[in-house]
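# Report on the structure
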Amino acid sequence: MKLMKKIVAAVIVLILALSITGCHKKNEIAVTVNGFEYTSAYYMCALINAYREGQSEVQTALGDKFTSDTDYFKQKIGDKKFDAWVKDRAIDILEEIGTYQKLCKDAKIELSDEQMNEAQNMAYYTWYYYGYGQMFEPNGVSWNTYLQFNVDSAYANLYFEHLYGEKGEKEIPAADVEAKLYKDFIIADLIDVTFSSEKDTEKAEIKTKLDGYLKDLKEGKKTFEEVYNDYNDIKPEEEKEEEKEEADKEESTEEKEELKPIDEYAQILGAKDSGYDHDYFDEISKMATNEVKIIEKKEKAGYILVVKKDIKADPYYRENMDITIRHLLKDDEFNKDMDKIFKTAKADVNSFAVDRFKVKKIKEPSYQ
């Protein structure tokens, strides 16, 4: 009997020991890259991003064959099964983040207050307004972890600016930036109408209204602001109230005044692969400055009332589009160079912390 009691006691001690060693601690370090430590929740954030990337890869590869019933886990990306690709990509993402952080640390550069605010604002909007929180939070990623992940990801752009920005090691001449800007981008005031379920009589009424605006603009009887307000049924008193609210906001902030576009109604239109691609860029770019025109959309899908403006006359675009243009000019070169550096990165993975996360168990949000 005494022997039996000793055996039972030993078993209990062993069970307790195993239960203690099997627990995952809060803020457990899952992956370390270049001395930068990332917790299990942070790894999960990378895994979800990899999962979304993988879904996009599958959708692109399948094209018209993709349907809402497509089982991602029966697909391959390259020569890897979907779940294997996602797990590998999650580690790649952390290696990339850790590499950029180290490069910036070695270069002794840090995110400016403006860059930090941009990263934080982007995290806030994607989490709360684009519904990312509904994807990440149920999978164990808190808002604070998601925020930190987004801030850390901003070091990639910081390092790019360090190389290719003004006074950077590989600075792009201002003349090249301006040439690209004025070649691939234009600005215009637009009233864009796309038909949905309108009857022919309603379409005709819209065209008649636009023709009237066209005539008034050409003859100088109305400004684009007046035309825009009329089309969108914005009353003058509503507009004044909005202006007052904006003025109150400006008075209540101590931030420095930002450069704003001269024409608040102007929209940026870009050539193909510019990030601002517009279906009618070529046609609008051939118009003269201040020329007014109505463009009928392809397949009679609607109309666009256009007032072509001069992008060169507004310094806002040269300043605001600067980093966008630099990326367009040098992203291919930058990414190729970084891929070589990423291959030398080595993640120290805590398998005990990582292996408990299964790609198949990632919870998808329900928007019903």
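What counts, and at which threshold
- Residues numbered from 1 in each chain as written.
- Predicted model: local features only at pLDDT ≥ 70, side-chain atom pairs only at ≥ 80, totals over all residues.
- Heavy atoms only, no water.
- Pairing = 2+ DSSP bridges.
- Helix = DSSP H or I, 4+ residues; strand = E, 2+ residues; numbered from the N terminus.
- Axes fitted to C-alpha atoms, helices over the stretch in contact; angles between N-to-C directions.
- Contact = heavy atoms within 4.5 Å.
- Core = buried A, V, L, I, M, F, W, Y, C linked by side-chain atoms within 4.5 Å.
- Buried < 20%, exposed > 50% of the residue type's maximum accessible area, 1.4 Å probe, protein only.
- Phe/Tyr/Trp six-rings, centres within 6.5 Å; stacked < 30°, edge-to-face > 60°.
- Lys NZ or Arg CZ within 6 Å of the ring centre and 35° of its normal.
- Arc of directions from axis to C-beta.
- Patch = residues over 30% accessible without salt bridge, like charges linked within 9 Å, V, L, I, M, F, W, Y side chains within 5 Å.
- Areas by Shrake-Rupley, 256 points an atom, 1.4 Å probe, with all protein chains shown as cover.
- Salt bridge = Lys/Arg side-chain N within 4 Å of Asp/Glu carboxyl O.
- Lys, Arg positive; Asp, Glu negative; His and termini not counted.
- Charge placed at Lys NZ, Arg CZ, Asp CG, Glu CD.
- pLDDT = per-residue confidence, 0-100.
- Polar contact = N/O pair within 3.5 Å; in protein donor to acceptor, adjacent residues only side chain to side chain.
- Expected span 1.5 Å × (residues − 1).

### Remarks on the sheet that holds strand β8 (residues 302–309)
Strands sit in the order β6-β5-β8-β7 across an open sheet of four strands; the sheet is antiparallel. Where the open sheet ends on each side, the last strands, each with one partner, are β6 (266–270) and β7 (292–296). When strand polarity is set aside, the average angle formed by the axes of neighbouring strands in this sheet is 45 degrees. Bridge count for strand β5 (residues 185–194) against β6 is five bridges, and the pairing is antiparallel. Paired with Ala-188 across the two strands is Gln-267, which belongs to β6. Here helix α10 (residues 224–231) sits on the sheet and contacts β5 and β8; the angle it forms with β5, its principal contact strand, is near 30 degrees.

### Comments concerning the side chain of Arg-318
Of note, Arg-318 is situated in helix α13 (residues 315–320). Apart from the residues within four sequence positions on either side, Arg-318 is in contact with Ala-174, Val-177, Glu-178, Leu-181, Tyr-182 and Arg-326.

### Observations regarding the nonpolar core
In terms of nonpolar packing, the biggest core is built from 66 residues, with Val-31, Tyr-43 and Leu-47 touching the most fellow members. Ranked by residue count, the leading element in this core is helix α3 (residues 82–106), at eleven residues. Leaving out residues up to four positions away in the same chain, Tyr-43 has contacts with Ala-30, Val-31, Ala-90, Ile-91, Leu-94, Val-354 and Phe-357. In terms of nonpolar packing, the next biggest core, distinct from the first, is built from 16 residues, Val-193, Tyr-213, Tyr-265 and Ile-294 among them.

### Quick word on the packing of aromatic side chains
In total, this model carries 31 aromatic pairs according to the counting rule given. Note on Phe-224 and Tyr-265: the rings are 5.9 Å apart at their centroids and 70 degrees apart in plane angle, and the pair reads as edge-to-face. Here Tyr-265 lies in the loop between α11 (236–252) and β6 and Phe-224 lies in helix α10, a separation of 41 residues in the sequence. Using a relative accessible area of 8% as the deciding quantity, one classes Phe-224 as buried. Taking the relative accessible area as the measure of exposure, Tyr-265 reaches 17% and is therefore buried. Linked through ring pairs, Tyr-124, Tyr-125, Trp-127, Tyr-128, Tyr-129, Tyr-132, Phe-136, Trp-143 and Tyr-146 together constitute an aromatic cluster. The residue whose ring lies beneath Arg-52 is Tyr-132, and the NZ or CZ to ring-centre distance is 4.4 Å. Directly above the aromatic system of Tyr-303 lies the positively charged group of Lys-207, at a separation of 5.7 Å from the ring centroid.

### So, helix α8 (residues 174–184)
Regarding α8, the residues found buried are Val-177, Leu-181 and Asp-184. All buried residues of α8 project into a common sector of 95 degrees when viewed along the axis, lining one side. In α8, the exposed positions angled more than 90 degrees off the buried face are occupied by Ala-175 and Lys-183. Structurally, α8 contributes buried residues whose contacts are with β5, β6, α12 (281–285), α13 and α14 (322–342).

### Section: a negative patch on the surface
A contiguous patch of negative charge, built from Glu-114, Glu-118, Glu-258 and Glu-319, is present on the exposed surface. Among the secondary structure elements, Glu-319 is positioned in helix α13.

### Digging into the confidence of the model for the protein
Put simply, the protein has an average pLDDT of 90, and 87% of its residues get 70 or more. For the stretch residues 3–21, pLDDT sits under 50, and the model shows one contact to residues farther than four places along the chain or on other chains.

### Observations concerning a nonpolar patch on the surface
Residues Tyr-124, Tyr-125, Tyr-128, Tyr-129 and Tyr-130 make up a contiguous nonpolar surface patch of roughly 640 Å² in combined accessible area. Within the element layout of this structure, Tyr-124 appears in helix α4 (residues 113–128).

### Description of the side chain of Arg-326
Following the sequence through the fold, Arg-326 ends up in helix α14. According to the relative accessible area criterion, Arg-326 is buried, its value standing at 1%. Polar contacts involving the side chain of Arg-326 include one to the main-chain carbonyl oxygen of Ile-172, which spans 3.2 Å. In contact with Arg-326, other than residues within four places in its own chain, are Phe-160, Tyr-164, Gly-165, Glu-166, Ile-172, Val-177, Arg-318 and Asp-331.

### Comments concerning α4
Taking 1.5 Å of rise per residue, 16 residues should cover 22 Å, and α4 covers 22 Å from first to last C-alpha, within 8% of that figure. Among all positions of α4, only Gln-115, Ala-119, Ala-123, Thr-126 and Trp-127 are buried. One side of α4 carries all its buried residues, which in axial view fall inside an arc of 100 degrees. In α4, the exposed positions angled more than 90 degrees off the buried face are occupied by Asp-113 and Glu-114.

### Examining the sheet that holds strand β1 (residues 29–33)
Two pairing modes exist for strands in a sheet, parallel and antiparallel, and in both the strands are linked by backbone hydrogen bonds. Pairing in this open sheet of three strands is antiparallel, and the strands run β2-β1-β9 from one edge to the other. Taken across any chain shown, the strands that pair with only one partner, and hence form the sheet edges, are β2 (36–39) and β9 (347–349). Across the sheet, the axes of successive neighbouring strands diverge by a mean angle of 25 degrees, strand direction being ignored. Sheet topology places β1 next to β9; three bridges connect them, and they run antiparallel. Following the sheet pairing, Val-31 is matched in β9 by Val-349.

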